[in-house]
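Descriptive analysis of the structure
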Amino acid sequence: MKRSVIVAFFLVFFAYSLFSEVVNPDRPAKGLWDFHPKRIWEVDEAGPDLFGEIQNLAVDHDHRLFVADLKHSAIFIFDSRGRFLKRFGKKGEGPGEIREFFGGEQLYVVGDKVLFADRTILHYFDTNGNYVKSVPFPITLKPRAFIDEHTFVSAPATNDRGSKEPSRIIVADLDTGKRVPIASFSPFEKASSTEQNAGRQMTVAIVIGDITPLMLVHASGERIYYGMNDTYRLHISDLKGNEITVFSIPDRKPNPVSAAYKKELANNLGDVPANFLKNIMEGLPPHASFFSDIHVDKNGNIYLFESDPDSRSKKHVDIFNSRGEYIHRGAFEADNGESIESILMGDGYVFMATEDREGTVKLTRYSIRLPGPA
């Protein structure tokens, strides 16, 4: 009897320790990490087109780069040496045409396919930019990361429907219709304003990447990484929703949002009526979120990109091992104080889209050095 009690206690303790949260001090165990970036190539145009507003970057196994440009409403392809290959995915409603480039996560490379998530349609292209097919999906689903070309992780980034019910992260299979619940959460109701305008009720809402609290989601291998970025806490689960671990840095303080940044933001929203703009600006959080992107390398190390709207030319990165232990802190920095508009990190490389003071946008590929397994 005594022995069985001891065994039972051991099993309970083991289960608790297996799933307990990894609470990290705000100090990397192994210090700073130098990525040693070396420029490989740099471009500022796609054929005859100068870059406008680079929205998303994605890369295939041959290191071809796919660039979604919001201003041009098109996708550009560059080879591994930075040579422009093709423009595709023009705006429209016909086969192979995209109804809406709306910003945020829309472009993905999954195996030998390029996927673009329209509002309720997934457009499939091959990696040469040739149209393959389009597949509708329910408006209730929001593709955020792909397991394979027909299975994705769905989660709303914000509460854009004013629902009081918790939102869900699910794995959705478009072929079978199967839905696997992963987690429930309460999304942030984005900064918005509803007013009477010209006799009609009108709602204006905005999402600011480094400020608006968002549910961030990443998938790598058989794992899903997710967390609301208004707290420094990340969950890791398997594809069935079984939690593997949770890690956090509870002592981390969010970066402030300066009055100068808010003023610049308001100026950039100059087309928004003054009464709407006032309510929207007052609805923004007073500080930045904690992280703006998640990456996982081939060794299982996890990279969280720090949110800091006032640090345009430098992106700090916190590096965790596969167990969620905080091991390094590093940074990527643009040349000549240019603003980093988009960044894509891979195993041994990073792509950065930057903009200078004259408004010239360029793309640069660097080779980088990554930590080994820890």
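Placed above this text is the structure.
Position numbers for residues start from 1 in each chain and track the written sequence from start to end. Since the coordinates come from a predicted model, pLDDT governs what is reported: local features require at least 70, and pairs of side-chain atoms require 80 or more to be given and counted, while whole-chain, interface and lining totals use all residues. Based on all heavy atoms of the structure, the side-chain values leave hydrogens and waters out of the count.

Structurally, Met 281 can be placed in helix H3 (residues 274-283). Partly exposed describes any residue whose relative accessible area lies between the buried limit of under 20% and the exposed limit of over 50%, with all areas from a 1.4 Å probe on protein chains only and scaled to the type maximum. Taking relative accessible area as the criterion, Met 281 reaches 16% and is therefore assigned buried. Residues Met 281 and Ile 206 lie 75 residues apart in sequence; the distance between their C-alpha atoms is 9.7 Å. Residues in contact with Met 281, not counting those within four places in the same chain, are Lys 262, Leu 265 and Ala 266. The way it works is that DSSP assigns letters per residue, a run of H or I at least four long becomes a helix, a run of E at least two long becomes a strand, and they are numbered from the N terminus. The contact criterion used is simple: two residues touch if any of their non-hydrogen atoms lie within 4.5 Å.

In this structure, Asp 69 sits in strand E6 (residues 65-69). In this structure the side chain of Asp 69 is engaged in a polar contact, spanning 3.1 Å, whose partner is the backbone nitrogen of Glu 53. When sequence neighbours within four positions are dropped, the list of residues in contact with Asp 69 reads Phe 51, Gly 52, Glu 53, Ile 54, Ala 74, Phe 76 and Phe 101. Within 3.5 Å is the distance limit for a polar contact, defined as a pair of N or O atoms, with the added protein rule that one can donate a hydrogen and the other accept it, and that residues adjacent in sequence qualify only through two side-chain atoms.

Our next topic: H3. In an α-helix there are 3.6 residues to a turn, and that puts residues three or four apart on one side. Turning to H3, its buried residues are Phe 276, Leu 277, Ile 280 and Met 281. The buried side chains of H3 occupy one side of the element, clustering within an arc of 125 degrees when seen end-on. Pointing more than 90 degrees away from the buried face of H3 are the exposed residues Lys 278 and Glu 282. Directions from the helix axis toward the C-beta atoms define the arc.

Taking strand neighbours across the sheet as the criterion, the five strands line up as E1-E22-E21-E20-E19 in an open arrangement whose pairing is mixed. If you trace the sheet from one side to the other, it starts and ends with strand E1 (22-23) and strand E19 (215-220), each paired once. Pairing of strand E21 (residues 233-238) with strand E22 (residues 243-248) involves five bridges; the strand directions are antiparallel. Its bridge partner being in E22, Ser 237 is matched across the sheet by Glu 243. For two strands to pair, DSSP has to find at least two bridges joining them.

Before going further, it helps to spend a moment on unusual backbone geometry. Here His 63, not a glycine, exhibits a phi torsion of approximately 65 degrees, which is positive. Take His 63: it is sitting in the loop between strand E5 (54-59) and E6. The residue Ser 73 is not glycine, and still its phi comes out positive at about 50 degrees.

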